[in-house]
Amino acid sequence: MANTENLDAKIEQLLNVEKQMRLAGDVAGTRKAVTDILQLCFDARAWKTLNDQIVVLSKRRGQLKQAVTAMVQQAMQYIDETPDIETRIELIKTLNSVSAGKIYVEIERARLIKKLAKIKEEQGLIAEAADLMQEIAVETFGAMAKTEKIAFILEQVRLCLDRQDYVRAQILSRKISPRVFDADASKEKKKPKEGDNVVEEPPADIPSLLELKRIYYELMIRYYSHNNDYLEICRCYKAIYEIPSVKENPAEWIPILRKICWYLVLSPHDPMQSSLLNSTLEDKNLSEIQNFKLLLKQLVTMEVIQWTTLWDTYKNEFENEKVSGKSLGEKAAEDLRQRIIEHNILVVSKYYARITLKRLAELLCLSVQEAEKHLSDMVVSKALIAKIDRPMGIVCFQTAKDSNEILNSWAANLEKLLDLVEKSCHQIHKETMVHKAALKV
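Below: a short report on this structure. Keep in mind that this is a model prediction, so the values were computed, not measured.

Considering the environment of glycine 101
- If you trace the backbone, glycine 101 turns up in the loop between helix H5 (85-99) and helix H6 (106-122).
- Along the primary structure glycine 101 and glutamate 405 are separated by 304 residues, whereas in three dimensions their C-alpha atoms are 65 Å apart.

Structure, rendered in structure tokens:
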């Protein structure tokens, strides 16, 4: 009791000093008085008094911005010293209410929210943690370090993925441009011009830009895995593979290169997939995993692939492949078979202008109905141009020409014909002149 009275007396004394300094406009004096009050409460471990004093000091008439900033920064150091989780949450909420709507303590507020969200997550309240994090739009904070901004947005994305809110996760991930990870850190540090915001140094626990790059792409893999967007997953793994620290360590790049190969094979055929396929085949590191090199070569070679042979060869590799601690799954196995069938149909279309459905089904090792279904799906997705004459059972792979193309080819043929006629006339005329000259002689 005596200690409490003693503390109250000291605080009252310092509050009078703070008032005199504040009214005199003494920034340094006010700041010192405010921090001394908080230090007194902390030394006495009077947490309730500390919270009350923070609120009282922030609401005093004409309170200086610098004093509020110093007070919030000072109180943030006490968060880890709190005796229990309830006291910690109470202190964070008090500081949060004090800093709300004040632009000069926006960075401190963002860090407070992050700490509170972490506590909520540890308590299993992921939805609450995600909602808390989404209140803060750090991309508008000029004074926050770039790495801290990225780390904060990535934390927002992670919590959205944890609560399976994939739409919001995508919206938040678009706030980060992948090009920001390729920026040269040495060139970034320019001397601030007069009037520019001074960018604060990020806290020690914020990862480096390359570490953040890896975290970003790992989160994007989680997002694209939900949609089974194999090509985008492959591009994410490719970006992780290009990180220098990964490329230097074979224990890291071999599993990643294996995943790149699998997701390339699972991706539907399109120009981007073909480009990635060829660039991966040119990678010298691929010779370290020879069986995957052979797999990719089979896709590039214009020959029909026997599904049963391929599956028998790669079944164990496929089932042992782990992504985020889980195997690729039955859906991926079905998609792999689908991609091999699509590859075989494209190969057949290159060699045949017309083919019977029965023969096509034999080449694909499928029934006639299955072959027709897969062919129709490819025509609908515009991966292939084909027409099926069902009564005759014939597939025609020839491209239908539009009227402009027909007219252009006709005009070109006519031009060639007229050139030949002109050359022939010239040759006849030349021969006639030679013979006339010979007769005259």
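Anyway, onward from the coordinates.
Remarks on the side chain of lysine 213
- Structurally, lysine 213 is set in helix H11 (residues 209-227).
- If near-sequence neighbours (up to four positions away) are discounted, lysine 213 is found in contact with Phe181, Asp182, Ala239 and Ile243.

Focus on helix H16 (residues 290-300)
- Inspection of H16 places Phe292, Leu295, Leu296 and Leu299 among the buried residues, and these make up the whole buried set. Buried residues along H16 cover an arc of 90° about the axis, so they all sit on one side.

Digging into the nonpolar core
- Membership of the largest hydrophobic core comes to 108 residues, with the highest contact counts inside it found for Leu50, Ile54, Leu91, Leu95, Val138 and Ile260.
- Take this core: its biggest share by element is ten residues, from helix H14 (residues 250-266).

What to know about the side chain of lysine 238
- Within the secondary structure layout, lysine 238 lies in helix H12 (residues 230-241).
- Despite its burial, lysine 238 pairs with no opposite charge; the closest candidate is glutamate 242, at 4.8 Å N-O.
- Ignoring anything within four residues of it in the chain, the contact list for lysine 238 reads Ile260, Leu276, Ser279 and Thr280.

Considering the packing of aromatic side chains
- One pass over the structure, following the stated rule, counts four aromatic pairs.
- Taken together, a centroid distance of 5.2 Å and an interplanar angle of 65° make the contact between tyrosine 223 and tyrosine 224 edge-to-face.
- Put simply, the rings of Tyr230, Tyr237 and Tyr263 pair up and form one aromatic cluster.

Quick word on the pattern of salt bridges
- The full count for this structure, using the stated rule, is eight salt bridges.
- With a shortest N-O distance of 2.8 Å, arginine 168 and aspartate 165 are connected by a salt bridge.
- Given the relative accessible area of 39%, arginine 168 is considered partly exposed.
- For glutamate 232, the salt bridge goes to arginine 235, with nearest N and O atoms at 3.3 Å. Of this pair, glutamate 232 and arginine 235 both sit in helix H12, separated by three residues, roughly a single helical turn.
- Residues participating in the shared-partner salt-bridge network are Glu155, Arg158, Asp162 and Arg222.

Here's the deal with the packing of helix H8 (residues 146-162) against H11
- Running from N to C, H8 and H11 point in directions that differ by 20°, and their axes come no closer than 10 Å. The angle between H8 and H11 places the two elements in the roughly parallel class. The interaxial crossing formed by H8 with H11 has left-handed handedness. Contacts between H8 and H11 involve Lys146, Thr147, Ile150, Ala151, Leu154, Val157, Arg158, Leu161 and Asp162 from the first element and Leu209, Leu212, Ile215, Tyr216, Leu219, Arg222 and Tyr223 from the second.

A closer look at the sheet that holds strand S4 (residues 387-389)
- Here three strands make up an open sheet; going across it, the order is S3-S5-S4 and the pairing antiparallel. Edge positions in the sheet fall to strand S3 (354-356) and S4, since each of these pairs with one other strand and no more. Here the strands of the sheet are splayed against their neighbours by 25° on average, with no regard to which way each runs.
- Two elements, S4 and strand S5 (residues 394-396), share three bridges in a ladder whose sense is antiparallel. Bridged to lysine 387 within S5 is cysteine 396.
- Across the sheet, helix H19 (residues 357-364) is in contact with S3, S4 and S5; its angle to S3 comes to roughly 80°.

Overview of the packing of H16 against helix H17 (residues 307-320)
- Running from N to C, H16 and H17 cross one another at 135°; their axes reach a closest spacing of 12 Å. With respect to each other, H16 and H17 are oriented oblique. When the axes of H16 and H17 are compared, the crossing they make is left-handed. Facing H16, whose interface residues are Asn291, Phe292, Leu294, Leu295 and Gln298, H17 presents Leu310, Tyr314 and Glu317.
- Along the lines of polarity and charge, the residues of the contact of H16 with H17 split into five nonpolar, two polar and one charged.

The rules behind the values
- Residue numbers run consecutively from 1 along every chain, following the written order of its sequence.
- The predicted origin of the model limits local features to residues at a pLDDT of at least 70 and limits the giving and counting of side-chain atom pairs to 80 or more, whereas totals for whole chains, interfaces and linings rest on all residues.
- The side-chain values count all of the structure's non-hydrogen atoms but skip hydrogen atoms and water molecules.
- The secondary structure listing takes helices from DSSP runs of H or I that are at least 4 residues long and strands from runs of E that are at least 2 residues long, numbered from the N terminus.
- Contact definition: two residues touch when any of their heavy atoms are within 4.5 Å.
- Partly exposed describes any residue whose relative accessible area lies between the buried limit of under 20% and the exposed limit of over 50%, with all areas from a 1.4 Å probe on protein chains only and scaled to the type maximum.
- Picture the helix axis, draw a direction to every C-beta atom, and the arc is the one those directions span.
- What we call a nonpolar core is a set of buried Ala, Val, Leu, Ile, Met, Phe, Trp, Tyr and Cys residues that are connected through their side-chain atoms within 4.5 Å.
- For the charge count, each Lys or Arg is scored as positive and each Asp or Glu as negative, with His and the chain ends excluded.
- In the sections that follow, a salt bridge refers to a side-chain nitrogen of Lys or Arg positioned within 4 Å of a carboxyl oxygen of Asp or Glu.
- Two rings belonging to Phe, Tyr or Trp (six-membered ring only in the last case) form a pair when the distance between their centres is within 6.5 Å. Interplanar angles under 30 degrees mark stacking, angles over 60 mark edge-to-face geometry, and anything in between is tilted.
- Axis lines are fitted through C-alpha atoms, for helices just across the contact stretch, and the angle between N-to-C directions can take any value from 0 to 180 degrees.
- What sets the label is the angle itself: under 35 degrees gives roughly parallel, over 145 gives roughly antiparallel, 65 to 115 gives roughly perpendicular, and the rest give oblique.
- Crossing handedness: left-handed means the near helix sits turned counterclockwise from the far one by under a right angle, and right-handed means the same turn made clockwise.
- One requirement defines pairing of two strands: DSSP has to find at least two bridges between them.
- Think of it as three bins: nonpolar holds Ala, Val, Leu, Ile, Met, Phe, Trp, Tyr, Cys and Pro, charged holds Asp, Glu, Lys and Arg, and polar takes everything else, Gly as well.

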